[in-house]
Amino acid sequence: GGAGGAGGDAKVTAEGDAAEAAAAENDENDGDAAKRKVRVRYVTFDEAQQKRWRLESERLRNGYLKGVEVPGSGGVDIGPVALRVRVVALQGMRSDAATGAVRKVYGRAEADVPLQMCLWKNPAPDPRFVERAPRTARERFPLGTKVLLRG
């Protein structure tokens, strides 16, 4: 799921309720993203932050119900927002020329999404967006495969 009615694959970067939040912290220089360990930072909100969280949650709820000045963006009564997640959307796929591995590439801009607008499993996955583990040269180029030589 996505914000404002836009659907698609996304990665959760933070989650929180009116009292506290947990956010993933990655070190971009930690090597291979697939093997990188995620550290989690916890924050407890003060009274002003809790009030702001509730106001933002009500704004999100109204946006899903009444729309966000874009035709077709309203009409969904999601009810009270008790938990929100911050996500980064899938931007595309990156293939490693050396290994044949294919990995998802996510954007940097985060979207704030009420939990009830998220799906944990895609009911109709698109085969173009399936990650692939590294493959051997024999798996990538079986006998008889046509290749283009540069040089």
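Residues numbered from 1 in each chain as written. Predicted model: local features only at pLDDT ≥ 70, side-chain atom pairs only at ≥ 80, totals over all residues. Heavy atoms only, no water.

I'd like to hear about the overall build of the chain, residue by residue, with values.
When its secondary structure is counted, the chain shows 2 helices and 5 strands. Ordered by position in the sequence, the α and β elements of the chain form the string β-β-β-α-β-β-α. Partitioning the intrachain contacts of the chain with sequence separation of at least 6 by distance along the chain shows that 59% fall at a separation of at least 24. Element-wise, carbon and sulfur atoms account for 53% of the exposed surface of the chain, whose accessible area totals about 11300 Å². (Helix = DSSP H or I, 4+ residues; strand = E, 2+ residues; numbered from the N terminus. Contact = heavy atoms within 4.5 Å. Areas by Shrake-Rupley, 256 points an atom, 1.4 Å probe, with all protein chains shown as cover.)

So what's going on with the pattern of salt bridges? Residues and values would help.
Two side chains with opposite charge may pair up if their charged atoms get near one another. Inspection of every chain in the model, using the stated rule, returns 7 salt bridges. We note a salt bridge from Lys104 to Asp9, for which the minimum N-O separation is 2.6 Å. Highlighted residues: Lys104 in strand β5 (residues 102–114) and Asp9 in the segment before β1 (10–16), separated in sequence by 95 residues. By relative accessible area, Lys104 is classed as partly exposed at 24%. Look at the salt bridges and you will find they share partners, linking Glu56, Arg84, Arg86, Glu110 and Asp112 into a network. (Salt bridge = Lys/Arg side-chain N within 4 Å of Asp/Glu carboxyl O. Buried < 20%, exposed > 50% of the residue type's maximum accessible area, 1.4 Å probe, protein only.)

Pulling in residues and values, what's your account of the sheet that holds strand β2 (residues 20–25)?
Strand order in this open sheet of 5 strands is β3-β2-β1-β4-β5, and the pairing throughout is antiparallel. The sheet is open, and its two edges are formed by β3 (39–44) and β5, each paired on a single side. Between one strand and the next, the sheet's axes are offset by a mean angle of 25 degrees, whatever the strand orientation. Here helix α1 (residues 47–66) sits on the sheet in contact with β1, β3, β4 (84–95) and β5, set at roughly 105 degrees to β5. (Pairing = 2+ DSSP bridges. Axes fitted to C-alpha atoms, helices over the stretch in contact; angles between N-to-C directions.)

I'd like to hear about the pairing of β5, residue by residue, with values.
Consecutive side chains of a regular strand alternate in pointing toward one face of the sheet and then the other. Pairing of β4 with β5, which is carried by 10 bridges, proceeds in the antiparallel orientation. Its bridge partner being in β5, Gly92 is matched across the sheet by Val105. As consecutive antiparallel partners, β4 and β5 are separated by 6 residues, and within that stretch Gly100 has a phi angle of approximately 80 degrees, a positive value.

Which residues make up unusual backbone geometry, and what are the values?
Even without being a glycine, Glu69 presents a positive backbone phi close to 60 degrees. Residue placement: Glu69 occurs in the loop between α1 and β4.

How would you summarise the nonpolar core if you had to cite specific residues and measurements?
In terms of nonpolar packing, the biggest core is built from 10 residues, these being Ala18, Phe45, Trp53, Tyr64, Ile78, Val81, Val85, Val87, Val113 and Cys118. Going through the elements one at a time, α1 and β4 are the ones with two or more residues in this core. If sequence neighbours within four positions are ignored, Phe45 has contacts with Asp17, Ala18, Ala19, Glu20, Ala21, Gln50 and Trp53. (Core = buried A, V, L, I, M, F, W, Y, C linked by side-chain atoms within 4.5 Å.)

Report on the confidence of the model for the chain, specifying residues and quantitative values.
On average, the chain scores 88 in pLDDT, and the residues at 70 or more come to 89%. Within the model, pLDDT remains below 50 along residues 1–6, and this stretch shows 16 contacts once partners closer than five positions in the same chain are excluded. (pLDDT = per-residue confidence, 0-100.)

Outline the side chain of Ser57, listing residues and values.
Structurally, Ser57 is set in helix α1. For Ser57, a relative accessible area of 4% puts it in the buried group. Discounting residues that sit within four places of it in the chain, Ser57 has contacts with Val81 and Arg84.

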